[in-house]
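A structural walkthrough
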Amino acid sequence: MMKNFLVIQCETLLNNILRHYSNTAYMKKAKINNLDTVPEVIWDLWYSPFSASFVTIKRSDIKASNADTVQILKKLIWLKYSFFKEFSKL
């Protein structure tokens, strides 16, 4: 029961992050037409294979039967906060 609740929370948070902090959202917020001038911090939040990023947190990982959903939720919360902080600078 708790596992299902955590999976739903992770999926909801991941959807929210993808909607509000994607490449397209960045381009709209920064009013640019390409991603040549994206700050390295934001680029790492999108693509870094070494920390919590869009690349390292996948829907399939969240739904896996042996997934540590509490840890995934913590990473997602950190990721959303980091995106919020960086997007606020724009």
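Refer to the structure above for everything that follows.
Starting from 1, residues in each chain are numbered consecutively following that chain's sequence as written. The model is predicted, so local features are restricted to residues of pLDDT at least 70 and side-chain atom pairs to those at 80 or more, both for listing and for counting; the totals for chains, interfaces and linings are taken over all residues. For the side-chain quantities, the full set of heavy atoms in the structure was used; hydrogens and water were omitted.

**Quick look at the pattern of salt bridges**
Salt bridges are counted wherever a side-chain nitrogen of Lys or Arg sits within 4 Å of a carboxyl oxygen of Asp or Glu. One pass over the full model with this rule turns up 2 salt bridges. One salt bridge in this structure joins E11 and K63, with 3.3 Å as the shortest N-O distance. Taken as a pair, E11 in helix 1 (residues 2-20) and K63 in helix 4 (residues 59-63) lie far apart in primary sequence, 52 residues in all. Of the charged contacts, one joins E86 and K89 as a salt bridge, the two residues approaching to 3.3 Å between their closest N and O atoms. Labels follow the DSSP assignment, with helices taken as runs of H or I lasting at least four residues and strands as runs of E lasting at least two, numbered in each case from the N terminus.

**Quick word on the packing of aromatic side chains**
Stacked, edge-to-face and tilted labels apply to pairs of Phe, Tyr and Trp rings (six-membered ring for Trp) whose centres lie within 6.5 Å, assigned for plane angles under 30 degrees, over 60, and everything in between, in that order. Per the counting criterion, the structure on display carries 9 aromatic pairs. With centroids separated by 5.8 Å and ring planes inclined at 75°, the aromatic side chains of Y26 and F87 adopt a geometry described as edge-to-face. Taken together, the residues Y26 in helix 2 (residues 23-30) and F87 in helix 5 (residues 69-88) connect sequence positions 61 residues apart. Taken together, the ring pairs connect Y21, Y26, W43, W46, Y47, F54, F83 and F87 into an aromatic cluster.

**Quick notes on the environment of K28**
The residue K28 is located in helix 2 in this model. Only protein chains enter the accessibility calculation, which uses a 1.4 Å probe; a residue whose area is less than 20% of its type maximum is buried, one above 50% is exposed, and one in between is partly exposed. Of the residues examined, K28 reaches a relative accessible area of 65% and is grouped as exposed. Between the C-alpha atoms of K28 and I17, which are 11 residues apart in sequence, the distance is 15 Å.

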